[in-house]
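# Examination of the molecular architecture
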Amino acid sequence: RLGPVVAYFTSAKFLLYLGHALSTWGDRMWHFAVSVFLVELYGNSLLLTAVYGLVVAGSVLLLGAIIGDWVDKNSRLKVAQTSLVVQNASVILCGVILMIIFMYKTQLLTLYHGWLLTVCYILVITIANIANLASTATAITIQRDWIVVVAGEDRSRLADMNATIRRIDQLTNILAPMAVGQIMTFGSPMIGCGFISGWNLMSMCVEYLLLWKVYQKTPTLALKSARVEESELKQLNAKKESDVKPSEGVQLIVEKDVSGFEPPQEKEVGCAARMAEPFITFRDGWVAYYNQPVFLAGMGLAFLYMTVLGFDCITTGYAYTQGLSGSVLSLLMGASAVTGIMGTVAFTWLRRKCGLIRTGLISGVAQFACLVLCAISVFMPGSPMDLTVSPFADISARLFESEPLPTIASPEEVFATGMPNLLNGSTTPANSDPEMSPEPVPLISVSLLFAGVIAARVGLWSFDLTVTQLLQENVVESERGIINGVQNSMNYLLDLLHFIMVILAPNPEAFGVLVLISVSFVAMGHIMYFRFAQKSLGKQLFVCRTPDCKEVADSSPPGNTSTV
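Residues numbered from 1 in each chain as written. Predicted model: local features only at pLDDT ≥ 70, side-chain atom pairs only at ≥ 80, totals over all residues. Heavy atoms only, no water.

### Here's the deal with the overall build of the protein chain
Under the convention used in this document: In this text, helices come from DSSP runs of H or I with a minimum length of four residues, and strands from runs of E with a minimum of two, each type numbered from the N-terminal end. Burial classes: relative accessible area under 20% of the type maximum marks a residue as buried, over 50% as exposed, and values in between as partly exposed (1.4 Å probe, protein chains only). With residues, only the protein chains shown are counted as cover, and all accessible areas are computed by Shrake-Rupley using a 1.4 Å probe.
Along the backbone of the protein chain there are 21 helices and 0 strands. Looking at the 564 residues of the protein chain, the share that counts as buried comes to 50%. Carbon and sulfur atoms provide 67% of the accessible area of the protein chain, an area that totals close to 26,500 Å².

In structure tokens form, the structure reads like this:
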């Protein structure tokens, strides 16, 4: 009776889940805590947090393709183990440096006129950025490559594994910041640093062992396709179609790519060529991404990052100015996690009933329909939108009247508001003093806003899983790393633009405009996906009903409608 249970808990699939849960838990704790640490260190100012967010976004934007290319060119086990060790070692080192700064901050301020402390700040941000880049490499190799190999040729199993990975992400997004927040609340920032460093040390050892176990249990992970010429690929595909069964075709290509591929003889490379290599890789990665059959689907997903309609410090900070308490915001974040998990369940059900591509269409329509509530909220009673107010009026007043800049709350208050953010920390409004609190405003507008945001998570996560699986199924094995690296760069680019948009219009009176712009970008993203689906399914976009037809249509690349 216990045989199937034991077999599941020792399977490669479960071990992959366990390793991902440990990795994600550590990531979420660190991303929440580092922003609070930087605020605490710099005298309750957002400067270091903003610099950290900018460095992280810019690094992934510039280095995403290069990281992906490194993932493609090296063995799976080497990539996974190297990125794991670099990521956790960087976090541990950062934690130790932060503990030293917290213990000796007063002395560091007096040494070399404070320049030594500035060097420590730069060191912390640099090492934390290295940890984030290593985390990006880990995500690409595990979530975009290993999971495909472990799932094998079973697409339904791949969909279930993708959905489970996202459920783990949703749970750790809420629980990990709560855990480290409690430690920082009842202890101190220094204790928080020590706990995170110790956790990452323990987690690194366990994850390293789990990766090795998964690698041993999945022999195909040792086989990795090398990049071959296009003409050779055509010959292999022709031979596969004429001489072998479909189930044997993939295995034949893998063996050809690994054992039959002869690496070119090494040539002496000049210094200039070595310096130009990263730029060439960057260019080639973006060109390859543009030429992918799922390019429009990937762009559609990236456009969804250009939005203020999420549970980051921007939207929750706006809600705080509209009269919602920190406890209410925490409950709303919990509700958003529940609807996100519902989205992963909806994805697996819709994919079985409608096929993968149609699941993306349905998810997009569902998300946009819910976000219409957010657009309506802009014009409802209680909305502070006033286009006559200059976005920079408040900033100008502070500059000319020499008013102090607003401060951020203590880590305890930050945790109480439930506003963790991966890039920009957590803030509370400047007028949190009860005597300075604004007049009560009608809650109709903000209620509609969050109702739309929370309900839209179902469609959002279902759509995210759809595009993720499309990339997994349609990108050739030898290019998975570089294509997903560029996809991460696109996501960060649009995310960076949305923060720039907020900087240009930071006051609550302009938030309604940001909401309308966000809804417009979401609509444009889904229009791109609709165009991709139209190319993929052709005339049978809304006609095909049989499971066989849906399965064949979903596996066809755009433009190849004759196979549908």
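Here the narrative resumes, following the displayed structure.
### So, the confidence of the model for the protein chain
This is how it is decided: Each residue carries a pLDDT value, the predictor's own confidence for that position, ranging from 0 to 100. Throughout, a residue-residue contact means that at least one pair of heavy atoms, one from each residue, lies within 4.5 Å.
The pLDDT averaged across the protein chain works out to 80; a share of 77% of its residues lies at or above 70. Averaged pLDDT values over the elements of the protein chain bottom out at 37 in helix α10 (residues 246-259) and peak at 97 in helix α12 (residues 295-303). Throughout residues 398-438 the model reports pLDDT below 50, and contacts reaching past four residues in sequence, or to other chains, amount to 88 contacts. When the criterion is pLDDT under 50, residues 558-564 qualifies, and its contacts beyond four places in sequence or with other chains add up to 16 contacts.

### Structural notes on empty space enclosed by the protein
Stated precisely, the cut-off is as follows: Method remark: on a 1 Å grid restricted to protein atoms, a set of points is classed as a cavity if a 1.4 Å probe fits but cannot get out and as a pocket if it is open with protein on both sides within 12 Å along at least five of seven lines; lining residues have an atom within 4 Å of a point. Grid points are joined across faces, edges and corners, and a volume is the space filled by probe spheres set on the points. In this classification, the charged set is Asp, Glu, Lys and Arg, the nonpolar set is Ala, Val, Leu, Ile, Met, Phe, Trp, Tyr, Cys and Pro, and all remaining amino acids, among them Gly, are polar.
Counted according to the given criterion, the structure contains 6 cavities of 30 Å³ or more. Each pocket or cavity is described by its volume, and for the second largest cavity that value is around 70 Å³. Looking at the second largest cavity, the residues that line it are Tyr 318, Ser 377, Val 378, Ser 383, Pro 384, Ser 445, Val 446, Leu 449, Phe 511, Gly 512 and Val 515. Broken down by class, the residue content of the lining of the second largest cavity amounts to 7 nonpolar, 4 polar and no charged.

### Regarding the nonpolar core
The tendency in soluble globular proteins is for nonpolar side chains to be buried as a group. To keep it simple, the criterion reads: The criterion is simple. A nonpolar core is a set of buried Ala, Val, Leu, Ile, Met, Phe, Trp, Tyr and Cys residues joined through side-chain atoms within 4.5 Å. The split of the chain into domains comes from an automatic or database domain assignment.
Formed by 69 residues in total, the largest nonpolar core has its most connected members in Val 308, Leu 309, Phe 450, Val 515 and Tyr 529. At 13 residues, helix α18 (residues 444-474) tops the list of elements feeding residues into this core. Residue-level mapping places this core at the junction of two domains, with at least three residues from each of domain 1 (1-224) and domain 2 (276-390 + 442-541). If near-sequence neighbours (up to four positions away) are discounted, Leu 309 is found in contact with Thr 315, Leu 371, Cys 374, Leu 449, Val 453, Val 515, Ser 518 and Val 519.

### A short note on the side chain of Lys 224
Note the following rule: Residues adjacent in sequence count toward polar contacts only when both atoms are side-chain atoms; beyond that, a polar contact is any pair of N or O atoms within 3.5 Å, and within protein one must be able to donate a hydrogen and the other to accept it.
You can see Lys 224 is positioned in the loop between α8 (189-217) and α9 (230-243). A polar atom in the side chain of Lys 224 sits 2.4 Å from the backbone oxygen of Val 71. At 2.7 Å, the side chain of Lys 224 and the backbone oxygen of Asn 74 are in polar contact.

### Thoughts on the environment of Thr 348
You can see Thr 348 is positioned in helix α14 (residues 326-354). Taking the C-alpha atoms as reference points, Thr 348 and Asp 160, 188 residues apart in sequence, are found 6.4 Å from one another. Aside from chain neighbours lying at most four places away, what touches Thr 348 is Ala 159, Asp 160, Ala 163 and Arg 167.

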